[in-house]
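# Descriptive analysis of the structure
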Amino acid sequence: MARAKTGTVAIALGFAASLVTGAARAELAADSFTMTPLPEELLSKPITLSGACDGVVVREWREGGAGTEASPAAVRVMDRLCTHAVAVFDGFIERHGLERAHSLPFRWSVSVLPDEDCHRCLNDLTHRFSTRSAQIEVWGYASLNDRFIFILNQVLVSGRPGQLWQRVWVHELFHALSMHYGIFASHAETDAKRVKIDERFAKKFETAVLGK
Ligand SMILES: [Zn+2]
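Let me begin by describing the structure that accompanies this report.

Basis of the calculations
Residue positions are given per chain, counted from 1 along the sequence in the order it is written. Under the rules for a predicted model, residues below a pLDDT of 70 receive no local features and side-chain atom pairs below 80 are neither given nor counted, while totals for whole chains, interfaces and linings still include all residues. Secondary structure elements follow DSSP: runs of H or I of four or more residues count as helices, runs of E of two or more count as strands, with numbering from the N terminus. Residue burial is a threshold on neighbouring C-beta atoms within 10 Å of the residue's own C-beta, all placed from the backbone, with 20 or more meaning buried, 12 or fewer meaning exposed, and counts in between meaning partly exposed. Throughout, a pair of residues is in contact if the C-beta atoms placed from their backbones lie within 7 Å. Think of a nonpolar core as buried Ala, Val, Leu, Ile, Met, Phe, Trp, Tyr and Cys residues, each tied to the set through C-beta atoms within 7 Å. The span one expects for a helix is its residue count, reduced by one, times 1.5 Å. In this analysis, axes come from line fits to C-alpha atoms, helices being fitted only over the stretch in contact, and the angle between any two N-to-C directions falls in the range 0 to 180 degrees. Working rule for angles: under 35 degrees goes down as roughly parallel, over 145 as roughly antiparallel, 65 to 115 as roughly perpendicular, anything else as oblique. Throughout, a crossing is termed right-handed when the near helix is turned clockwise from the far one, and left-handed when it is turned anticlockwise from it by less than a right angle. When residues are grouped by polarity, Ala, Val, Leu, Ile, Met, Phe, Trp, Tyr, Cys and Pro land in nonpolar, Asp, Glu, Lys and Arg in charged, and all others, Gly among them, in polar.

## Here's the deal with the overall build of the protein
Regarding its fold elements, the protein presents 5 helices and 8 strands. The secondary structure elements of the protein, listed N-terminal to C-terminal, are β-α-β-β-α-β-β-β-β-β-α-α-α. Out of the 212 residues belonging to the protein, those deemed buried represent 36%. Put simply, 72% of the contacts in the protein that link residues at least 6 apart link residues at least 24 apart.

If you want it as structure tokens, here you go:
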């Protein structure tokens, strides 16, 4: 399943999630262009994380091969790492002179998806993700408009937390926290600059949380 993805870790960041409309697309089900989960894609029981991440809710989880299941072990990896990342976040932003614009509770949703280009998968650039800012293959993506993190489903590898998955999760959590607290918006005047700056911090944050 190893497949070259552009970039190194995770990578994309999105804001423009508005639905593209047009004659060419009108004949296709409008729903399939919706980035967030369709009603039939939602988990019947959403998974709410714990502690400092009790505002983070997994609403969709599409399984594939071994290690991609929404198993208790996988959810535990996600939950513990989220709590740890949020705990590290405070000191991290302070060290880097970043300031929160507010302290409202962090409430984001998560979709766990196959990192393939199949219909409605993480790299379905034809329909579901046709409007995301990064038109490249990614392992993870944070959308400010939707307050959603989309991430690959290979959480476990041979029964253990996958190195790649952990990096992508921490990386996307940084973008989400940064956008939530208005840190992202304060980086620079233009989105292009903000994305670049936030990307640098997200990579440093990976190291701060996971080590080298
Ligand atoms: Zn990134």
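So that's the structure; there's more coming.
## Focus: the nonpolar core
With 43 residues, the main nonpolar core has C82, I149, I151, W169, V170 and L173 as its most contacted residues. Secondary structure elements with two or more residues in this core: β3 (56–61), α2 (72–95), β4 (108–113), β5 (140–143), β6 (148–152), α3 (163–180), α4 (183–186) and α5 (191–210). Broken down by element, this core gets its largest block of residues, 9 residues, from α3. Not counting residues up to four positions away in its chain, the partners in contact with L173 are C82 and A85.

## Overview of α5
Over its 20 residues, α5 runs 28 Å from end to end, which matches the ideal 28 Å to within 8%, given 1.5 Å per residue. In the stretch just after α5, G211 is the one whose phi turns positive, near 80°.

## A word on the packing of α2 against α3
Contact pair α2 / α3: the axes reach a minimum separation of 10 Å and the direction vectors enclose 45°. In terms of axis orientation, α2 runs oblique to α3. Taken as a pair, α2 and α3 cross one another with a handedness that is right-handed. From α2, M78, L81, C82, A85 and F89 reach across to α3, where they touch Q166, W169, V170, L173 and L177. Considered class by class, the residues forming the contact of α2 with α3 number 9 nonpolar, 1 polar and no charged.

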